[in-house]
Amino acid sequence: MMTSEMLIIAGENLETHIEIEQEDEELKKKISPLRVWITGASCPTCYNLIPLLVNGEVFGMEEEISIHLLNNSFEEGSLSATVMEGQDLAAPLLREISVCTVLEEAFFEAEVVIILNDDIDNESESLENRIRARLPLCQLFGSLIEKNARRTVKVIVAAKTFLNLTTSLLITYTPSINPRNIIAVAMVMENEAKATLARKLKTTAADIKDVIIWGNITGSHYVDLRKAKVFRYNSAIWGPPSYSRYLLSLIFDRIKGNQKKDHKNVWIFDPIHFTPFGLAEVLSGIYFLKKFIHSEWISKEFVNSFNVLSSTRRFQRGISTAHSVATILKFWYHDSPPGEIFSLGLMSEGEFGTPEGLVYSMPVRCMNGVWFPCTDLPDTELTEDVKKAIIHDLEQEKLIAFGEVLIYQPYIPAELLPRENRVRIQIDENKDEDQKEQTEFLNTSSVEVSEAQSSQEPLEGTENESLDN
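Note that the structure is predicted; figures quoted are calculated from it, not measured.

About the thresholds
Residues numbered from 1 in each chain as written. Predicted model: local features only at pLDDT ≥ 70, side-chain atom pairs only at ≥ 80, totals over all residues. Heavy atoms only, no water. Phe/Tyr/Trp six-rings, centres within 6.5 Å; stacked < 30°, edge-to-face > 60°. Helix = DSSP H or I, 4+ residues; strand = E, 2+ residues; numbered from the N terminus. Buried < 20%, exposed > 50% of the residue type's maximum accessible area, 1.4 Å probe, protein only. Lys NZ or Arg CZ within 6 Å of the ring centre and 35° of its normal. Pairing = 2+ DSSP bridges. Patch = residues over 30% accessible without salt bridge, like charges linked within 9 Å, V, L, I, M, F, W, Y side chains within 5 Å. Areas by Shrake-Rupley, 256 points an atom, 1.4 Å probe, with all protein chains shown as cover. Salt bridge = Lys/Arg side-chain N within 4 Å of Asp/Glu carboxyl O. Lys, Arg positive; Asp, Glu negative; His and termini not counted. Charge placed at Lys NZ, Arg CZ, Asp CG, Glu CD. Core = buried A, V, L, I, M, F, W, Y, C linked by side-chain atoms within 4.5 Å. Domains from an automatic or database assignment. Contact = heavy atoms within 4.5 Å. pLDDT = per-residue confidence, 0-100. Polar contact = N/O pair within 3.5 Å; in protein donor to acceptor, adjacent residues only side chain to side chain. Right-handed = clockwise from strand over helix to strand, strands pointing away.

1. So, the packing of aromatic side chains
Phase 1: In total, this model carries six aromatic pairs according to the counting rule given.
Phase 2: Pairing F331 with F342 gives two aromatic rings, centres 4.7 Å apart and planes at 50°, and the pair type is tilted. Taken as a pair, F331 in helix α11 (residues 319-334) and F342 in strand β13 (residues 342-347) lie far apart in primary sequence, eleven residues in all. For the residue pair F331 and F342, the accessibility class agrees, reading buried in each case.
Phase 3: Connected via pairs of aromatic rings, a cluster forms that spans W37, F107 and F141.
Phase 4: When the ring centre of Y333 is taken as reference, the NZ or CZ atom of K154 above it lies at 4.9 Å.

If you want it as structure tokens, here you go:
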């Protein structure tokens, strides 16, 4: 072949190559990447979260994403280093990572918004001032999400303090967004409980399932172990990977050798008459179901360990929170594992006897991108004292945030009030009941006149219930 002919062919190949590259660029411009916005991006959680978002497990191996970071001051500041490290990942699915410095552009075309914002907490301030500090930022972010984000945006709130309150405020200022698309992550606390239990049972935390967190995730909450199960537990009873045993029965089996045998007490469980352990636990906001009366570890050591974790959570480096956010997003896009229960802070629609419009942590499953409360679970009712304490805490936070209450009033059970207060409460309740009966009588009478004129079982493969009983 002559040299001139080779040059002609080379030129044609170069033109074809350039055309193909241009077509690829045009195609990339037409295919918009999934836009993820992260607020409070200067905190350690964001640093640990970025590699998890771009590895393909969360959104899928074919989904390219662009990550936009912003801090509360809308300044570049230290985030430039985070952007450079994100670029250094050379992740195939990361189309872009940038810092937002223009207020009006925040959350533009956002499909996922992750609210961190741990940096607004000043622990030297009073509780009330810290609660009130949430309002202006949530009002700002909520209005920007309402204005710039897509209507189907998914908003995840994951921080160390006031999770339910932040979620509730964001819902207030995003009226066109589905309230069930703005959620609070309870998995951090759920995983802490699993890890504490796993250390006791000498197993792995991943083999413990169905621990439920009720209520105010970072305030008054209730850790429920009644449905918790342990898989692949090394004991005399062994089964296939799908076989599980109830956790509370295993905890009891491990400690009963150190206790006196009292068949009248050890096996009793009466959820109807269960009450919290005392005023200290009520005010601390943490409740645990004491299934076995002689289970000292559940009622004392587990509670104490959890209190220590809660008090030291402010020193966490963000790994656990980042993992929890990535896991929840993965379930949101690809459904939660069948048969498993997870806790999540959702806007209540009256499930489990909770007031409508209150952001409340409850057991959920995710199917086709929608979170469904597990209302079909048997024997998950909370006692009135526990419910009232949790609801009181949530309502107090909202009242203080909006300036309707100046000082936080702790919940005090009726039986611990002075006698004269209890009598007054009883009288008021009787008056309310009498008025309600009179109203119902009048309504019934008017209706009659008008008519006259117009003429969960355990998962398949779980241990028999007799073992649990």
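2. Considering the sheet that holds strand β10 (residues 229-231)
Phase 1: Reading across from one edge, β7-β10-β11 is the order of the three strands in this open sheet, with antiparallel pairing throughout. Both outer strands of the open sheet, β7 (208-209) and β11 (244-246), are each paired with one neighbouring strand and no more.
Phase 2: Where β10 lies against β11, three bridges are found, and the strand directions are antiparallel. Residue pairing for β11: K229 is matched across the bridge by Y246.

3. Observations concerning a negative patch on the surface
Phase 1: On the surface, a cluster of negative charge is contributed by E12, E15, E19, E21, E23 and D24.
Phase 2: Of note, E19 is situated in helix α1 (residues 3-30).
Phase 3: Using a relative accessible area of 46% as the deciding quantity, one classes E19 as partly exposed.

4. Some remarks on the nonpolar core
Phase 1: Formed by 57 residues in total, the largest nonpolar core has its most connected members in F107, V113, L197, L225 and L247.
Phase 2: Of the residues forming this core, the biggest block, six residues, is contributed by helix α5 (residues 134-148).
Phase 3: Structurally, this core is a two-domain feature, drawing no fewer than three residues from each of domain 1 (31-183) and domain 2 (187-254 + 275-414).
Phase 4: What L197 contacts, discounting residues up to four positions off in sequence, is I208, V211, L225, L247, I251, W297 and F302.
Phase 5: Counting residues in each nonpolar core, the second largest holds 56 residues, with V99, I183, A326 and V364 among its members.

5. Focus on the confidence of the model for the protein chain
Phase 1: Averaged over every residue, the pLDDT of the protein chain is 78; the share at 70 or more is 72%.
Phase 2: Confidence scores differ between elements of the protein chain, with helix α14 (residues 465-468) showing the lowest mean pLDDT of 37 and strand β5 (residues 154-157) the highest of 97.
Phase 3: The model gives residues 438-469 a pLDDT under 50, and that stretch makes 29 contacts with residues more than four places away or in other chains.

6. Side note on the environment of N148
Phase 1: For N148, the location among the structural elements is in helix α5.
Phase 2: Overall, the relative accessible area of 11% leaves N148 in the buried class.
Phase 3: When the C-alpha atoms of N148 and F107 are compared, they prove to be 5.7 Å apart, with 41 residues separating the residues in sequence.
Phase 4: For N148, the side chain forms a polar contact with the main-chain oxygen of E104, separated by 3.0 Å.
Phase 5: Of the polar contacts made by the side chain of N148, one reaches the backbone oxygen of A106; its length is 2.8 Å.

7. Thoughts on the pairing of strand β1 (residues 34-39)
Phase 1: Judged by how many residues are buried, β1 sits mostly within the fold: five of six residues are covered.
Phase 2: Here six bridges tie β1 to strand β2 (residues 65-70), and the two strands are oriented parallel to one another. Across the sheet, residue L34 finds its bridge partner in β2, namely I65.
Phase 3: In this view, the connection linking β1 to its parallel neighbour β2 by way of helix α2 (residues 44-53) has right-handed handedness.
Phase 4: When β1 meets strand β4 (residues 112-115), the two strands line up parallel, connected through four bridges. Pairing of W37 across the sheet is with V113, part of β4.

8. What about the pattern of salt bridges?
Oppositely charged side chains can form a pair if their charged atoms are brought close together.
Phase 1: Under the counting rule described, the total for this entry stands at eleven salt bridges.
Phase 2: E111 is paired through a salt bridge with R150; the nearest N and O atoms lie 3.6 Å apart. Of this pair, E111 sits in the loop between β3 (94-99) and β4 while R150 sits in the loop between α5 and β5, placing them 39 residues apart in sequence.
Phase 3: For R150, a relative accessible area of 31% gives the class partly exposed.
Phase 4: The residue D210 makes a salt bridge to K229 at a minimum N-O spacing of 3.4 Å. Highlighted residues: D210 in the loop between β7 and β8 (212-215) and K229 in strand β10, separated in sequence by 19 residues.
Phase 5: Put simply, E109, E111 and R150 are held in one network by salt bridges that share partners.

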